[in-house]
Amino acid sequence: MNAESLEGRLLFAIPKKGRLYDKCISLLAGADIQFRRSNRLDVCVVLNHPIALVFLPAADIPSFVGKGDVDLGITGHDVILEAQMQGLVTQVLRLGFGKCSLQVQVPEVGSIKTVDDLAGKRVVSSFKNLSQGYFNQVDSRLQLTGANRTTIEYVGGSVEAACALGLADGIVDLVESGDTMRAAGLHAIATVLDTEAVLIKSNSPKRPDVASIIDVITTRIAGVVAANKYVVCQYNISRDKLAAATLITPGRKAPTISPLEEDNWVGVSSMIEKSKSASIMDDLMKAGAEDILIFNLNNCRV
Ligand SMILES: Nc1ncnc2c1ncn2[C@@H]1O[C@H](COP(=O)(O)OP(=O)(O)OP(=O)(O)O)[C@@H](O)[C@H]1O
Ligand SMILES: O=P(O)(O)OC[C@H]1O[C@H](OP(=O)(O)OP(=O)(O)O)[C@H](O)[C@@H]1O
């Protein structure tokens, strides 16, 4: 690959490994962004669009996009804030995956029970800036100054081991299921922020000619995200119960209602959020709906 083959192409940064990688690859497939990545090569051209994919560590993507070296990128909301790039990038879309929380954690067994107990002691994190910002506020509130302030130390990984190793009294790290935290004998005492993966674009693009392809890609990715978020719910119901049932499934604009061959019965079709489908089905049954079906969406534009 040479610089010439990237000429005129939108540069799109994708996390090269880690928690976001697999989800990003399925998102690209859903948006029909076709590429063949040679082994170990971190830049590859897209076969069916004027795009080149750049595979980078998730934590480096905000600054590449923020400085305009890359036009578009996928990374965590958390790393954008940690890199202090929120003013230099626009978060175009929330992607619905990579959801977790940055939490303050301390040993389950021990004297530290609250953030105020931890204040003034040693905290270790890979999110040094966010942790510093959080504890600056705690320290100010508790009027801790000078050597009495909380110490924040950076470590690049295995943060959860820091307390057991005697390096820290508490840590600030990401929690999804909580398995890592529990296995390390820790528990959370505060949440610094909730995060998920986002699509970002540069506020100072170096290649303004690629703006139209950014819109195409954003629309396609939004379609895949919506298809993952929604399902179609279809059911039959008698007309006298229709009003109550459509309150449960109002749809995005309005439900589609079609007459059935049987007198006084209609079929209803409506988009609902996948995560709420079980409770919506329970409610529809109580409201008198029959033959309730849920269909996954392959793709959509809504
Ligand atoms: N347990 C998790 N659940 C969901 N999302 C997560 C989780 N851990 C991290 N993330 C998200 O993924 C981003 C990248 O984290 P990850 O740990 O995969 O990074 P990495 O350091 O590049 O990869 P690796 O851990 O393989 O070295 C985080 O900033 C966060 O937004
Ligand atoms: O609450 P859980 O579901 O256990 O997830 C949380 C863990 O996931 C992330 O690490 P990851 O496993 O990606 O590896 P890393 O420590 O190498 O970043 C994060 O740093 C936590 O350690």
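Residues numbered from 1 in each chain as written. Chains lettered and ligands numbered in written order. Predicted model: local features only at pLDDT ≥ 70, side-chain atom pairs only at ≥ 80, totals over all residues. Heavy atoms only, no water.

Draft legend 1. Structural detail: the site of ligand 1. Around ligand 1, the surrounding shell holds 13 residues, and the nearest of these are K17, G18, R19, D78 and E176. Here K17 contributes a side-chain N or O atom positioned 2.6 Å from an oxygen atom of ligand 1. Note that a nitrogen atom of ligand 1 is positioned 3.2 Å from one of the side-chain N or O atoms of E176. A total of 610 Å² of accessible area belongs to ligand 1 in isolation, and the protein chains cover 70% of it. (Near = heavy atom within 4 Å. Polar contact = N/O pair within 3.5 Å; in protein donor to acceptor, adjacent residues only side chain to side chain. Areas by Shrake-Rupley, 256 points an atom, 1.4 Å probe, with all protein chains shown as cover.)

Draft legend 2. Looking closely at the UniProt feature "domain: Histidine biosynthesis HisG C-terminal" (unreviewed entry) in the protein. Look at the UniProt record and you will see "domain: Histidine biosynthesis HisG C-terminal" (unreviewed entry) annotated at residues 227-299. Between the C-alpha atoms that bound residues 227-299 there is a distance of 5 Å. The span itself is 32% helix and 40% strand. (UniProt positions renumbered as here; feature names shortened; annotations may be inferred. Helix = DSSP H or I, 4+ residues; strand = E, 2+ residues; numbered from the N terminus.)

Draft legend 3. Here's a closer look at the nonpolar core. Of all hydrophobic cores here, the largest spans 28 residues; its most connected members are F12, L53, L95 and I221. Contributions of two or more residues to this core are made by β1 (10-15), α2 (21-30), β3 (51-56), β4 (72-76), β11 (197-202) and α8 (211-229). If one sorts the elements of this core by residue count, α8 sits on top with 6 residues. Judged by nonpolar contacts, the second largest core, of 18 residues, contains V115, A119, F127 and A190. (Core = buried A, V, L, I, M, F, W, Y, C linked by side-chain atoms within 4.5 Å. Buried < 20%, exposed > 50% of the residue type's maximum accessible area, 1.4 Å probe, protein only.)

Draft legend 4. Spatial organisation of the domain arrangement of the protein. Assigned domains within the protein: domain 1 (3-98 + 197-206), domain 2 (100-195) and domain 3 (230-296). Look at where the C-alpha atoms of domain 2 and domain 3 centre, and you get two points 47 Å apart. (Domains from an automatic or database assignment.)

Draft legend 5. Spotlight on the side chain of D71. Its location among the elements puts D71 in the loop between α3 (61-66) and β4. In terms of polar contacts, D71 uses its side chain to reach the side chain of R207, at 3.2 Å. Contacts of D71, omitting those with residues within four sequence positions, involve R9, L10, L11, V65, I200, K201, S202, R207, V210 and I214. (Contact = heavy atoms within 4.5 Å.)

Draft legend 6. How the structure looks around the site of ligand 2. The immediate surroundings of ligand 2 are formed by R19, E160, D173, L174, V175, E176, S177, G178, D179 and T180. Between an oxygen atom of ligand 2 and a side-chain N or O atom of D173, the distance comes to 3.4 Å. Take G178: an N or O atom from its main chain is 2.8 Å from an oxygen atom of ligand 2. In isolation ligand 2 exposes 500 Å². Once the protein is present, 64% of that is buried. Of all elements in the fold, only β9 (170-175) and α7 (179-183) reach the threshold of two or more residues within the shell around ligand 2. Ranked by residues supplied to the shell around ligand 2, first place goes to β9 with 3 residues. Its residues assigned to classes, the shell around ligand 2 shows 2 nonpolar, 3 polar and 5 charged. (Nonpolar A, V, L, I, M, F, W, Y, C, P; charged D, E, K, R; others polar.)

Draft legend 7. The arrangement of the pairing of β1 in detail. Within β1, 6 of the 6 residues are buried, leaving the element largely enclosed by the surrounding structure. Every second residue of β1 is oriented toward a common face, with L10, F12 and I14 on one face and L11, A13 and P15 on the other, all of them buried. In terms of strand pairing, β1 meets β3 through 6 bridges, oriented parallel. Residue pairing across strands places L11 opposite A52, the latter belonging to β3. (Pairing = 2+ DSSP bridges.)

Draft legend 8. Focus on the environment of G98. The residue G98 is located in the loop between β5 (89-94) and β6 (100-107) in this model. The class of G98 is partly exposed, set by a relative accessible area of 30%. The spacing of G98 and G76 is 22 residues in sequence and 7.0 Å in space, taken between C-alpha atoms. When near neighbours in sequence (up to four residues on either side) are disregarded, G98 contacts L20, T195, E196 and A197.

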